[in-house]
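Structure assessment
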Amino acid sequence: MFFKKKAPKKRVFVLSLDGVPYTLLQRAFAEGKLPNLQRLFAQNGTFRQMHSVIPTISSVAWSTFQTGRNPGKHGIFGFVDRDPHTLKMYIPTGAHIRTNTLWEVLSQAGKQVVVMNVPNTTPPRKVNGVLVAGFLSMKLEKAVYPDRYVAPLRNLGYVIDVNPMLAQKDLHGFVDRLMEAVRKRKEATFYFMKELPQWDFFMVHIMETDRIMHFLWAQMEDQDPEFAPRFWEFFRVVDETVAEIHEALPENTLFLSLSDHGFTRVKAEVNTNYWLREKGYLKFKTDQPRDLVDMDSTARVYSLIPGRFYINLLGREAAGSVVPEEYEAWRDRLLEEIPEIQDPETGQSVIQKVWKREDLYWGPLVKQAADVIAHPVDGYDLKAQLAGDRLIQHTHINGMHTYDDAYLFVENTPLRDKQPIYLYDVTQTILQALGVAAPEDMDGESLLL
Ligand SMILES: [Zn+2]
């Protein structure tokens, strides 16, 4: 008698490192700084540079990844948004994502999923498995589905996010807390691997890489004697964490790793609302506006971070002043004038590219996007304070996101030679690897051969 051993089932494990640039990893590998990641990424699979989304913001990028769709379909266009009818600003959450997500599609196909810490997954949606949301909810009670995992995570000392405000007060303490958060994330990963040993899809997100690069990018580049070693100490913890998790994966698991954008040094922050005020396009009723509600009735254009310009349109905005017949002329004017914004300290152009929304996004929700969207030259962080009194400013935040320097790693798997690759291609790739059909309106294409 011969007994054929049943092959272990196919699984996918995703480890995402928020904001980690492809080129930073390459440099670190060349210098031997991250030996475990180097062994894995550089020697055991396909390691590629990847494009992000516009605007290049984690909540937009991870909404794009988790839905496999562009913002014109999922409805998340920035870290803040506004209700045109009231001009009230709000922070979009996972509740504003208007499509199903990768984990819901997998759950419906009978796959068991564990999803931990991915941005914009608050409030947690019901899945066949576990979902622990990312940084928009600091309380575990509001972040965990199902409820019964709140207590075990609390007992573990699980950390959803480290408050970035701490970086301003105590940079060393901030780095310590980030490392602790990564260690706790690893412990929770092992806990859920034991709790749900039959998982099909498991995703662990490390937000802390983004957090540290906003505050220590310049010190790392300048090899600052006090803080460059802390930067690499933190990344070695990440390096070891990835190795330990990777080692614990069951047989026949496809291991993927990705980031959602790259990073570069901040040259300056640029206040697009100040620029609009100087042009005479934006006026507030008070010297200290606190909200868009304080806009003067003569205001024609206002902006939100980063680089999103809205026409103050009659019939759409609460106190609209631009008649619909003039809407296109205003958009054309912005398309022409926004690229003229310069850094007065250097004369350098601040803007790389400008689009009308329908030239950037597609899908049923395009009309919720800003009317005109601008993408900066690397190094110019577009801000939109309402009350700012200068175009350019410098703060303690010295790292900012870049569009074309995210990465994707897929273990032991040659990929199609598509150029460039996008976040939603990864979503399709995961679905194909697990043999689950993608929803018809999903963007992108699988990279598997
Ligand atoms: Zn960031």
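Residues numbered from 1 in each chain as written. Predicted model: local features only at pLDDT ≥ 70, side-chain atom pairs only at ≥ 80, totals over all residues. Heavy atoms only, no water.

1. Structural notes on the domain arrangement of the protein
What counts, and what does not: For the domain bounds, the source is a domain assignment made automatically or taken from a database. Any pair of residues with heavy atoms lying within 4.5 Å of one another is described as a contacting pair. Buried area: the accessible surface (1.4 Å probe) lost by two parts on joining, summed over both. The rule for a salt bridge is simple: a side-chain nitrogen of Lys or Arg has to be within 4 Å of a carboxyl oxygen of Asp or Glu. Think of a polar contact as two N or O atoms within 3.5 Å of one another; within protein, one of them needs to be a possible hydrogen donor and the other a possible acceptor, and neighboring residues in sequence only count if both atoms come from side chains.
When the domains of the protein are assigned, the result is domain 1 (11–263 + 402–433) and domain 2 (268–393). Taking the mean C-alpha position of each, domain 1 and domain 2 sit 30 Å from one another. Facing 26 residues of domain 1, the contacting portion of domain 2 comprises 27 residues. The contact between domain 1 and domain 2 buries some 2300 Å² in all, and 64% of this surface belongs to carbon and sulfur atoms. At the surface where domain 1 touches domain 2, the tally comes to 1 salt bridge. As a salt-bridge pair, Glu-317 and Arg-82 come within 2.8 Å of each other at their nearest N and O atoms. If you look at where domain 1 meets domain 2, you find 8 residue pairs in polar contact (both at pLDDT 80 or more).

2. As for the packing of aromatic side chains
Rule in force here: In summary, the pairing rule links any two rings of Phe, Tyr or Trp, Trp by its six-membered ring, whose centres are within 6.5 Å, and it sorts them by plane angle into stacked for under 30 degrees, edge-to-face for over 60 and tilted for everything else. Put simply, DSSP marks the helices as runs of H or I at least four residues long and the strands as runs of E at least two long, and each gets a number from the N terminus on. Between buried and exposed lies partly exposed: a residue is buried under 20% and exposed over 50% of the maximum accessible area for its type, with that area taken using a 1.4 Å probe on protein chains only.
On inspection of all chains with the given rule, the structure shows 29 aromatic pairs. Ring geometry for Phe-77 against Tyr-361: centres 5.5 Å apart, planes inclined by 65°, an arrangement best described as edge-to-face. A residue pair is termed long-range when its members are at least 10 positions apart, and Phe-77 in the loop between helix H4 (71–74) and strand S3 (81–83) and Tyr-361 in the loop between helix H13 (357–360) and strand S15 (372–376) qualify at 284 residues. An identical accessibility class is assigned to Phe-77 and Tyr-361; each is buried. Plain terms: the ring middles of Tyr-149 and Phe-192 are 5.2 Å apart, the flat faces sit at 75° to each other, and that makes the pair edge-to-face. With Tyr-149 in the loop between strand S7 (144–145) and helix H6 (150–156) and Phe-192 in helix H8 (residues 171–195), this pair connects stretches of sequence that are 43 residues apart.

3. Observations concerning the pattern of salt bridges
For side chains bearing opposite charge, pairing can occur when the charged atoms are close. If you walk through the whole model with that rule in mind, you get 28 salt bridges. The closest approach of N and O atoms between Arg-211 and Asp-161, which form a salt bridge, is 2.8 Å. Of this pair, Arg-211 sits in helix H9 (residues 208–221) while Asp-161 is found in the loop between H6 and helix H7 (166–169), placing the two residues 50 residues apart along the sequence. Across this residue pair, the class does not change: Arg-211 and Asp-161 are buried. Residues Arg-230 and Asp-176 are paired through a salt bridge, measuring 2.6 Å at the closest nitrogen-oxygen approach. Of the two residues, Arg-230 sits in helix H10 (residues 228–247) while Asp-176 sits in helix H8, which places them 54 residues apart along the sequence.

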